[in-house]
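Chain by chain, the residues run as shown.
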Amino acid sequence: MKSVRGRAPLSRVPLVLAVVGALLGGIAFSAGAEAATGRGRRPPAASRGLGAADPGSPSAVGPEDLTAWNAAGLANDRERHAHRLAVTPAPARPTVAAPNAAARNTNAADAADAADAVAGPAGTSALVLYDTTGPYGYLGELYAMAVANLAGHFGTVTAQPVSAYTASTVEQYTATFYIGSTYYGGAVPDAVPAAFYQDAMTTAKPVTWIGDNVWNMANAVGIENFKKKYGWDPTNSYFETNGSVGNINQVTYKNQSLTRKIPAGQDGGVLHPALSGAGYPQVTQLARAVDGTTGATSPWAIRSANLTYVGEIPFSYVSESDRVIAFEDLLFDSLAPATTARHRAFVRLEDISPASDPTQLRTMADYLASQHIPYGINVIPVYTDPKGAYDNGIPQTITLAQAPDVAAALQYMLQHGAVLMNHGYTHQYSNVDNPYTGVTGDDFEFFRAHIDAADNVVYDGPPGEDSTAWAQSRVTSALAAFAAAGLPRPTLWTTPHYAASAADYQVFGRNYTARLERSLYFAGTLSGGPVNASRYIGQFFPYWVKDVYGTTVLPEDIGNYEPLPYNNHPARLPADLIASAKANLAVRDGVASFFYHPYYDVAPLQQTIDGIRALGYTFVGPTDLAN
């Protein structure tokens, strides 16, 4: 056991769902997170990583798909600019009763006409409308899940295809959000019912329009009518200036400079709204896009009357300091405008197992207690090295009950401000490399993955035996291992390397009061159809949410300390974590949540905590994050 504890930590899996971003093909593009953090016990490999610079989290949308989707949108935008884009209106829909916001879809055949409700705390309600048609129609549901999850912080959420909208439905909700991911025109008829265009114009309820097709609304209600109410002309607004989307690499919002890192060829641009000026209502510019090459600025998000418009869908290629932070805060304006500013922070100690060094654990506990900081401890109850990767080919398995000194250190931590959290059963899968060594803490447990020739970690999907029963058996075994060591039952869960199937997430939700993590969300979840395990989006949050799985998810949004580069990712030092915390000050009631591996020296943790506190954050425990 001494040999196990004495190994040098290694940086590994960069699989973190760095966020809500769409990526197909299963390559994990992200900027740091649980899986992509550096948890292992071997020296970091030269360039092990997830594909792009600061891309979003994994999803069934790969770089090729995003490239093609953006190219198709820009091609339509050029046609519209040249007044050559013909748009076929959506067919009229009969008036039907609105769906019950408390009932989930169960009949896939009726998915187009039924809303899928996400249970949340009472008090407010959100309607999320999304596109489903065209060659990239599947993106609509992925992006809608991202919006629905965020809205789940505020109350009940109903999500449905925009094509299913019926007249006056907006009046039943506190606020409505439409994600325009399909650029209608040419061979793709408009799927937005005329009733929604009219209702968005006439309602006094807040409507947030994200991305495409706002120009079709202006045409439907009358361009001059639109201008007289909102003070700008979408029909004269385009994504390109002088034939280029430019190099918009920053969004300024609430005195914060937020990053926008889109790989070349995959940037669909930000709409440049044509403000009408004198004689028309004033338009409030909520956030501004900054071109890193020319220095030119233009509105990124605007508001007038009841309409908030966001000039792009901000859920691809997201990082911990990304412009999605602005969108996450803007939801308060529609759903909880009276919210008082509050900035809290949280730290958890990660990848503690029976092979951990109890002296290091006590050192961390003493430091955090001296600072009066409550914290979480993410514990893996069984350590296993089935192939002897770290023990000269000799397999080794250690349970917490077989490591009484570690169990005693955990009890000491619990007596000094820690909250016990469950971080998988073994945090590895079988006796295979998944994708690294097969050793606890190195590999995925509930998802398969491999490393491609470019040194990217590629998500392969759930294991073949994945099922509700399989996941439950691992949870049951984990809880039994805690009990056998005399430890209390954990009530919080963090999925190893932040990746599991939809069925697994349901199991975790039934066994724990909340998950504290970044997560994957799979196509089919909103539509009521079969879940597509190869098509998903990853997301992290700046505040607690009730997600589309019906589970409370607590935030982890600024990543972790990682002193050396790995997997094509740069080192992540205390200054980087502090910078991400600073960016998240833009969220009026947000949390700067990070994790730290206790095998590192305490000094970087101290630097990080001191820096975050200096920004005005107050550290709280994990059980305080859900309020």
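Scope of this entry: the structure provided in the associated data block. (Residues numbered from 1 in each chain as written. Predicted model: local features only at pLDDT ≥ 70, side-chain atom pairs only at ≥ 80, totals over all residues. Heavy atoms only, no water.)

1. Focus on the packing of aromatic side chains
As a reminder, the rule being used: Each pair of aromatic rings taken from Phe, Tyr and Trp, with Trp reduced to its six-membered ring, is defined by centres within 6.5 Å and is described as stacked if the planes are under 30 degrees apart, edge-to-face if over 60, and tilted in the remaining cases. A run of DSSP states H or I qualifies as a helix once it reaches four residues; a run of E qualifies as a strand once it reaches two. Both are numbered from the N-terminal end. Working definition: with a 1.4 Å probe on protein chains only, accessible area under 20% of the residue-type maximum means buried, over 50% means exposed, and in between means partly exposed. Comment: the charge-over-ring label is applied if NZ (Lys) or CZ (Arg) is within 6 Å of the ring centre and within 35 degrees of the ring normal.
Inspection of every chain in the model, using the stated rule, returns 34 aromatic pairs. Ring geometry for Tyr561 against Tyr600: centres 5.2 Å apart, planes inclined by 85 degrees, an arrangement best described as edge-to-face. In this pair, Tyr561 sits in the loop between β26 (552–554) and α12 (574–583) while Tyr600 sits in the loop between β27 (589–596) and α13 (602–614), placing the two residues 39 residues apart along the sequence. Exposure remark for Tyr561: the relative accessible area of 10% places this residue in the buried category. Look at Tyr600 and you get buried, because its relative accessible area is 12%. What links up through ring pairs into an aromatic cluster is the set Phe446, Trp470, Trp493, Tyr505, Phe508, Tyr512, Tyr521 and Tyr549. A cation over an aromatic ring shows up here: Arg362 above the ring of Tyr412, its NZ or CZ 4.8 Å from the ring centre.

2. Brief notes about the environment of Glu141
The following threshold applies: Here a residue-residue contact requires only that any non-hydrogen atoms of the pair lie within 4.5 Å.
By secondary structure assignment, the location of Glu141 is in helix α3 (residues 138–151). For the pair formed by Glu141 and Ser527, sequence separation is 386 residues and the distance between their alpha carbons is 7.8 Å. Those residues in contact with Glu141 that lie beyond four places of it in its chain are Tyr130, Asp131, Ala523, Gly524, Thr525, Leu526 and Ser527.

3. Details of the pattern of salt bridges
Opposite charge on two side chains makes pairing possible when the charged atoms of those side chains draw close. To keep things clear, this is the line we draw: Within this document, salt bridges are pairs made up of a side-chain nitrogen of Lys or Arg and a carboxyl oxygen of Asp or Glu, the two lying within 4 Å of each other.
Scanning all chains against the criterion turns up 20 salt bridges. Of the charged contacts, one joins Asp333 and Arg588 as a salt bridge, the two residues approaching to 2.8 Å between their closest N and O atoms. You can see Asp333 sitting in helix α7 (residues 324–335) and its partner Arg588 sitting in the loop between α12 and β27, a full 255 residues away along the chain. Relative accessible area serves as the criterion here: at 12%, Arg588 is assigned to the buried category. For Arg348, the salt bridge identified is with Glu350, shortest N-O distance 2.6 Å. Residue Arg348 is classed as buried on the basis of its relative accessible area, which comes to 0%. Under the relative-accessibility criterion, Glu350 is labelled buried at 0%. Taken together, the shared-partner salt bridges connect Lys254, Arg303, Asp329, Asp333 and Arg588 into one network.

Keep in mind that these numbers describe shape and distance, not what the molecule does.
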